[in-house]
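Spelled out, the chains give:
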Amino acid sequence: MQEFAIEASGLRVRYPGTEADAVAGIDLAVAPGEIFGLLGPNGAGKTTTQHVLTGQLRRYEGRAAVLGRPVGEWGPALYQRIGVGFELPAHFPKLTARENLAAFAALYDGPVLPVRDALAAVSLTDVADRRAADLSKGMKMRLNLARALLHRPDVLFLDEPTSGLDPANAADVRAIVAEQAAAGRTVFLTTHDMTAADELCDRVAFMHEGRFAAVDTPRALKLAHGHGTVVAEYAENGDLRRAEYASTAVPDLRRLLATGTVETLHTREASLADVFIAVTGRRL
Amino acid sequence: MTVGAVRRTRALLAVEAVVEWRYRIPLVVAGLAVAWSATAAMLPAATPYLVFVETVTVGTFVIGALAVTERETGVRAVLSVSPVRPAEYVVARVVPLGVLTVLAAVPVLLAGRIAPGRLAPALTAVALTAALLLAVALAIASRRRTLVGFLTALPWPLVPLFGVPLAAAVGLLSGPVPYVIPTTGALALLRDGFGAPGRDPAAPLPALLPALALLAYLALWAWLAARFAGRAAARPQAGKARRSRTHRSPWRQAEPRPLSFVRADLRNIVRDSMLAPVALSPLLLGGVLRFGYPPLEEWLARTHGIELASYRPVLALLAVVLHVPLTAGIVGAVFVLDDLDSGALGVVRVSPVGLTRYLAYRLGTITAGAAIGLAVAAPLSGLVPASASAAVVLAAPLAPVFTLAVLAVARGRVDGITAVKPLGIPMYLPIAAWWITGPAGWILAPLPAFWAVRAWDAPRPAFLAGGVICLGLWIVLLARRVARRLAQ
């Protein structure tokens, strides 16, 4: 029997004073080394799910286990094995980036990443001695990520790691997350960033009103919710024209390609955002 | 305690030491210790009370500001998903400030000429009382999102922890019952070091309550408070902000019009169960002085031969005329610092209101609040005669002066709350003008509260004019500096 890095069955959470479940009986199994993305609008139950799995929320029904052991049984030892990156940067503002990482690294029992290596991993070596309060948002987010990686956790829980970052910074963060998975770590990614989810995740779950509306690989979901057609844009008498074909095997498309006038050619699989709208009926 | 726990606690203590040093907290405490030591040297009999009320509480407000800031910067959330146990967190927060408190108490007790052999029990009492207060403050701060919320909740436990010991010290309460409050024993031990048993018919240390028993009882309460703080701190910290009933900045609202700010502030007061008592505190203060002070004065004269009647003006200046505006000034500063740290001030800066109008609004409401507070508390207290109306008028602008003074040196909540005590010294110092006669008294004239003290006897136009000029200069100079700092 395979041991999953993260498991949940019949997981249900209801906050006091509310009439609906924030998490309404979800089942989940994430394999070791997998990057699993949890997508959905605000209030869908993503953060609540992550809080249960990271031991921050203890009032729940059903089963939630990390690294083969129920979350409630772990106690503080859980945090030697998992790393948690929050949506907002978290640091001592009066300490430098280097001092921040050294301070957090000292809290763990096992071997930790040398601070200089952690800083290098997130490209913060140049600003290592600058106070955290004075770093840019992108730098703070990378410092946040470095902090979550310090103790070489087996499972990484990342909440919106690319939130508010410019494309270059977001790409850097995605690369760092991909490196973690390549090193064998399981990554549980909560995000609104469809590019990050599409690029990084082995599987994604769309969450809506506390339930999983769909769970699969990004490719399968995009194909399932897209059209099996091909769209070509081509020039004709100085004008840009557009034509849709049932497949690439259609003779008309082949003839068009042979003219050398085709400027763009696209398959029409759905984007993850399209999938989300289709499965939840809501926009991100 | 496991090896891991020792290592983690040591690591947390090291971080805390660096953080406190960067906030210059040890330097401020050292400066205060010098001021307190000078006071103790001049008034040895007041030393136990000075240590009990001032020195022991030096970290109480700071720990709250640190905890609230830690929560906002996400550090608390990170620690909640690290191997750090709540007890380790509490130790790391309480011990450094507790040590600072004890170090500050040493020169004060020595300057007050504490009896030989009594230093150790007195310092133990200081350490345990500080630990108790710090743990209580940490527990409260762990459940508050803002400094305003923390500061308005803190007085509830402090009232019995200070009121009962002080009442027992003057003999209003007697017998062993007041010793149920653990700080009663602490004050008794401090007074014991200054020969109080020989002078006081109500000996501070009853025979049935030896020093060791008092210290053990105090230690028990400090331990219970630390456990309580640990439980409060252990409550899971959500990554997203939770709804809170404490102060919410009006500047987060989408409607940046001055009237909406007023509405939002009023809503804060009405909806927030903690802010309402602050708004009503002048009424409470006036009532307590009106009905509590005359019998106390009569009782002290009758039983102890202490004649306080001639000091009524000093008491009125301290407890009403200066206290009310300075409290309003602190509240005003804390509101601005909460807005600054939460980023709400950034929103104001890019709104049509702008920083200047924001500051004007804050200072205006603080001044109005202080004026209303004085208008209620002064006549109600029965201590402020009509002839002192000029002093009351000159006291109201002390509120914006104090707000500006705090904002002029603070870059955030922790800086601000650390600055309150040292800045309070020059604010209260002009009361010394009551005793300094002749031209020497004018040496304090540049201090903003000086003119209110001078104008106590009668509303002389020269004093009124001098006060207006002095206060106006302070407000203009400080406001310019504050506006520059907030704009950065």
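Now for a description of the structure that goes with this document. (Residues numbered from 1 in each chain as written. Chains lettered and ligands numbered in written order. Predicted model: local features only at pLDDT ≥ 70, side-chain atom pairs only at ≥ 80, totals over all residues. Heavy atoms only, no water.)

When you go through chain B residue by residue, the secondary structure sums to 22 helices and zero strands. Counting only residues that meet the buried cut, chain B has 52% of its 488 residues in that class. Here chain B displays about 20800 Å² of accessible surface, and carbon together with sulfur accounts for 71% of that area. (Helix = DSSP H or I, 4+ residues; strand = E, 2+ residues; numbered from the N terminus. Buried < 20%, exposed > 50% of the residue type's maximum accessible area, 1.4 Å probe, protein only. Areas by Shrake-Rupley, 256 points an atom, 1.4 Å probe, with all protein chains shown as cover.)

Following the criterion strictly, the structure yields 25 salt bridges over all chains and no others. Here E34 of chain A ties to R203 of chain A by a salt bridge, and the two come within 2.5 Å at their closest N and O atoms. Note that E34 of chain A is positioned in the loop between β2 (23–30) and β3 (35–39) and R203 of chain A in strand β9 (residues 203–208), a separation of 169 residues in sequence. With its nearest N and O atoms 2.9 Å apart, the salt bridge here joins R8 of chain B to E88 of chain B. Here R8 of chain B, found in helix α1 (residues 3–22), pairs with E88 of chain B, found in helix α6 (residues 86–111); they are 80 residues apart in sequence, far enough to count as distant. Assessed through its relative accessible area of 2%, R8 of chain B is described here as buried. (Salt bridge = Lys/Arg side-chain N within 4 Å of Asp/Glu carboxyl O.)

Residue and element names in this part refer to chain B. On the surface, R24, R411, R480, R481 and R484 cluster together into a patch of positive charge. Mapping R411 onto the fold places it in the loop between α19 (398–409) and α20 (413–428). By relative accessible area, which is 54% here, R411 ends up exposed. (Patch = residues over 30% accessible without salt bridge, like charges linked within 9 Å, V, L, I, M, F, W, Y side chains within 5 Å. Lys, Arg positive; Asp, Glu negative; His and termini not counted. Charge placed at Lys NZ, Arg CZ, Asp CG, Glu CD.)

Okay, the packing of α1 of chain B against α6 of chain B next. Packed helices, taken two at a time, are described by the angle between their axes plus the distance between the axes. Residues and elements named next belong to chain B. Orientation of α1 relative to α6, taken along the N-to-C sense of each, is 45°, at an axis distance of 9 Å. On the basis of their axis angle, the class for α1 and α6 is oblique. Of the two elements, α1 crosses α6, and the hand of that crossing is right-handed. Every residue of α6 that contacts α1 at A5, R8, T9, L12, L13, E16 and E20 is listed here: E88, Y89, V91, A92, R93, V95, P96, L97 and L100. Across the contact of α1 with α6, the residue classes break down as ten nonpolar, one polar and five charged. (Axes fitted to C-alpha atoms, helices over the stretch in contact; angles between N-to-C directions. Parallel < 35°, antiparallel > 145°, perpendicular 65-115°, else oblique. Left-handed = near helix turned anticlockwise from the far one by under 90°. Contact = heavy atoms within 4.5 Å. Nonpolar A, V, L, I, M, F, W, Y, C, P; charged D, E, K, R; others polar.)

Further remarks concern the packing of aromatic side chains. Overall, the coordinates contain eleven aromatic pairs over all chains when judged by the stated rule. Aromatic pair F92 of chain A and F104 of chain A: ring centres 5.5 Å apart, planes at 20°, arrangement stacked. Of this pair, F92 of chain A sits in the loop between β6 (82–85) and α4 (97–105) while F104 of chain A sits in helix α4, and the two are twelve residues apart along the sequence. In this pair, the class of F92 of chain A matches that of F104 of chain A, namely buried. Considering the side-chain rings of F157 of chain A and F188 of chain A, the 5.5 Å spacing of their centres and the 50° angle between planes classify their relative orientation as tilted. With F157 of chain A in strand β7 (residues 155–159) and F188 of chain A in strand β8 (residues 186–191), this residue pair connects regions lying 31 residues apart in the sequence. When sorted by exposure, F157 of chain A lands in the same class as F188 of chain A, which is buried. Joined through ring pairs, the aromatic side chains of W442, F450, W451 and F463 of chain B make up one cluster. Positioned above the aromatic ring of Y89 of chain B is the side chain of R76 of chain B, whose terminal nitrogen or guanidinium carbon lies 4.1 Å from the ring centre. (Phe/Tyr/Trp six-rings, centres within 6.5 Å; stacked < 30°, edge-to-face > 60°. Lys NZ or Arg CZ within 6 Å of the ring centre and 35° of its normal.)

Let's shift gears to the interface of chain A and chain B. Contacts between the two partners involve 27 residues from chain A, matched on the other side by 30 residues from chain B. Area buried by chain A at its contact with chain B is led by F92, K94 and L107 of chain A, which between them contribute 25% of it. For the interface between chain A and chain B, the tally reads three salt bridges. We note a salt bridge from D109 of chain A to R8 of chain B, for which the minimum N-O separation is 3.6 Å. There are six residue pairs in polar contact (both at pLDDT 80 or more) connecting chain A and chain B. At the level of elements, α1 (46–53), α3 (78–81) and α4 of chain A are the ones that each hand at least two residues to the side of chain A that touches chain B. Among the elements that take part in the side of chain A that touches chain B, α4 of chain A stands out by supplying three residues, more than any other. (Buried area = accessible area lost by both parts, 1.4 Å probe. Polar contact = N/O pair within 3.5 Å; in protein donor to acceptor, adjacent residues only side chain to side chain.)

Scope: geometric values only; no functional claims are made or implied.
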